[in-house]
Amino acid sequence: MTSETFAIGVDIGGTNLRAARVAPSGEILQKEVTPGSRDPSRALALIEELIRKMNGTSAVAIGVGVPGRVNGWSGEVLSGGYLDLSGHDMKGNLARAFGRPVAIENDCGMALVAEARLGAAQGLSDVVMMTIGTGIGGAVMQSRQLVHGKQCAGQLGHLVVSVDGQPCRCGQRGCVETESSGSSLRRHLAEAGYDQNTMFEDVLRLATSGDRNALAVMHSWAAPLRAAIRTLSAAFDPEVVILGGGLGDAAARAQAFLPTLHSWYDVEVRIAVLGDDAGVIGSGLAAFDLASGQRGPSSEVGKRLLMVNGVPASGKSSLARAISVETGWPLLGLDTIKTPFLEVLENVDRSGNRLLGKASYKAIFSIIEESPEGATFVVDAWFGFQPLALLEEHINMARITRVAELWCRAPPEVLAGRYADRSSRRVAGHPGLSYVPELVELAKRAGPFRLGPVLDIDTTAPQDIDAVASWARRALAPAKR
Ligand SMILES: [Zn+2]
């Protein structure tokens, strides 16, 4: 990626639509803000127009933050409030119109991506964010990935903080959105007898001077939010909770009027720092992540290889089969490819066997080369029978971007026993019992290739396939930033 590339970040707000060219660093290179529309077709046309203005040959991808529930896996909009884009294939339409990958997330999720990358939670990986505005939005990040659950986890405005509270549009009662949002601040003020022009700053001043009525409003507004924050801390154990949105700062200041409470769930609360730009920055960064395949294994650019390596009779084939079954990753075995040739070709000697081995080795990587991006393969082979340089050549040819290795070993006498046992069942062309002393010598000096993480496995001990598969999934997971 050259330094000129950028992603187009779009933020669909209640009143305004924002779009920006965002650099890989998160820097805004160019920005455009325009009044939005409540009409979905009109809003979608305006969004396309904005993207067209930001577009250029160096645009790598498009990210859009949408208010409402969004299926974080598919980008489908499930519901909305002020503007409801559900039922419109925004992702498909934008991808077709601009020929770029499109990332769609809930708007608070996009803001959290930005705050975690370069804002209030810079460098942190486990963060919860709530945006306090007319309603309350939310997003959860674990290990630097937004949490989606089945489809749209992170609807933090609908954490119940009062089972007999106000009815909420979601169907529950006493959601934190009905108690601690901007709209509920209005309600608390009206109930306390303040006129409708009263601002948060006015009540803040009165509460600071000890006015009991103002203090009561602060308490009614702030306490449910504190309960929600503690509940989130209990559920996710984040490093920090960020409060953003137009009233994020006010909501944090209101917390100071609550009586001190120490619990297991004390957690640092920070104010978002990127303001109105958080949405476009996060959308741009999420678009970059999508383009570089960092949003998940299924969209990873390049392919992944789990080498199950070890000398002959090291027990690698049974392990490779078990891992393939456990993970669902297809298994390619060198012998699986080579054996049919040994069966049909006559008089294959040891050097012929080696040539077939070399061709079968290449065949494995030709199959991977033809496979779709993001695919993962388990490859069962004694990789040491060819030089490292050839393996690297094959890996490049197949566009494999991640490698992990299971190194299978057993004591030389065990290998010798296993090899002798099965030599009677081998097809012609395989070296026979005379190979045993050579194998013993080979086993003494053989070792893994270490092109990626290596897990050392003693195949004479019982195997915990679950644990090995989990290790492999982690070892081959997309890199964290
Ligand atoms: Zn609700």
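What counts, and where the lines are drawn
Residues numbered from 1 in each chain as written. Predicted model: local features only at pLDDT ≥ 70, side-chain atom pairs only at ≥ 80, totals over all residues. Heavy atoms only, no water. Helix = DSSP H or I, 4+ residues; strand = E, 2+ residues; numbered from the N terminus. Rg over C-alpha atoms; globule rule 2.2 N^0.38 Å. Buried < 20%, exposed > 50% of the residue type's maximum accessible area, 1.4 Å probe, protein only. Contact = heavy atoms within 4.5 Å. Areas by Shrake-Rupley, 256 points an atom, 1.4 Å probe, with all protein chains shown as cover. Lys, Arg positive; Asp, Glu negative; His and termini not counted. Charge placed at Lys NZ, Arg CZ, Asp CG, Glu CD. Phe/Tyr/Trp six-rings, centres within 6.5 Å; stacked < 30°, edge-to-face > 60°. Patch = residues over 30% accessible without salt bridge, like charges linked within 9 Å, V, L, I, M, F, W, Y side chains within 5 Å. Salt bridge = Lys/Arg side-chain N within 4 Å of Asp/Glu carboxyl O. Pairing = 2+ DSSP bridges. Right-handed = clockwise from strand over helix to strand, strands pointing away. Domains from an automatic or database assignment. Core = buried A, V, L, I, M, F, W, Y, C linked by side-chain atoms within 4.5 Å. Arc of directions from axis to C-beta.

Some details on the overall build of the chain
When helices and strands are tallied, the chain shows 16 helices and 15 strands. For 481 residues, the compact-globule estimate of 2.2 N^0.38 gives 23 Å, and the C-alpha radius of gyration of the chain, at 29 Å, exceeds that figure by more than 25%. Dimensions of the chain, computed from C-alpha atoms along their principal axes, come out at roughly 100 × 50 × 35 Å. Within the span of the chain, comprising 481 residues, buried residues form 49% of the whole. Look at the contacts in the chain between residues 6 or more apart in sequence, and 71% of them connect residues 24 or more apart. A total accessible area of about 22,100 Å² is found for the chain, and carbon and sulfur atoms account for 51% of it. Distance from the positive charge centre (48 side chains) to the negative charge centre (51 side chains) of the chain: 3 Å.

Some points on the packing of aromatic side chains
Applying the stated rule across the entire model yields seven aromatic pairs. On the basis of an interplanar angle of 85° and a centroid distance of 5.6 Å, the ring pair of Tyr-361 and Phe-365 is categorised as edge-to-face. Taken as a pair, Tyr-361 and Phe-365 lie in helix H12 (residues 350-369) at a separation of four residues, close to a single helical turn. In this structure, Tyr-361 and Phe-365 share a single accessibility class: buried. Chaining the aromatic ring pairs together yields one cluster made of Tyr-361, Phe-365, Phe-383 and Phe-385.

Some thoughts on a nonpolar patch on the surface
On the surface, a cluster of nonpolar side chains totalling about 300 Å² of accessible area is made up of Phe-341, Val-344 and Leu-345. The residue Leu-345 is located in the loop between helix H11 (334-344) and H12 in this model.

Topic: the pairing of strand S5 (residues 102-106)
Burial of S5 is extensive: five of the five residues sit out of reach of the surface. Of the strand pairs in this sheet, strand S4 (residues 59-66) and S5 are connected by five bridges, and their pairing is parallel. Across the sheet, the residue bridging to Gly-63 is Ala-103, located in S5. As a crossover connection, the stretch from S4 through helix H2 (residues 90-98) into S5 is right-handed.

Comments concerning the domain arrangement of the chain
Domain assignment breaks the chain into domain 1 (1-119 + 275-298), domain 2 (120-273) and domain 3 (303-476). When each unit is reduced to the centre of its C-alpha atoms, the spacing between domain 1 and domain 3 is 44 Å.

Quick word on the side chain of Arg-418
Tracing the sequence through the fold places Arg-418 in helix H14 (residues 412-423). One buried charged residue, Arg-418, forms no salt bridge at all, with the nearest opposite charge on Asp-458 at 6.3 Å. Once residues within four sequence positions are removed from consideration, Arg-418 is found in contact with Ala-313, Ser-314, Gly-315, Ala-410, Thr-459 and Thr-460.

Quick notes on the nonpolar core
Ranked by size, the top nonpolar core spans 36 residues in total, and within it Phe-365, Ile-368, Val-379 and Phe-383 carry the most contacts. If you list the elements that add at least two residues to this core, you get strand S11 (303-309), H11, H12, strand S13 (376-381), helix H13 (388-397), strand S14 (400-409), H14 and helix H15 (436-445). Discounting residues that sit within four places of it in the chain, Ile-368 has contacts with Lys-303, Leu-332, Phe-377, Val-379, Ala-398 and Ile-400.

Comments concerning helix H5 (residues 182-191)
Buried within H5 we find Gly-182, Ser-184, Leu-185, His-188 and Leu-189. For H5, the angular spread of buried residues about the axis comes to 155°, placing them on one side. Relative to its buried face, H5 has exposed residues pointing more than 90 degrees away, namely Ala-190 and Glu-191. Turning to H5, the residues buried within the fold contact helix H4 (176-180), helix H6 (200-208) and helix H7 (212-236). Just downstream of H5, Gly-193 is the residue with a positive phi angle, here 90°.

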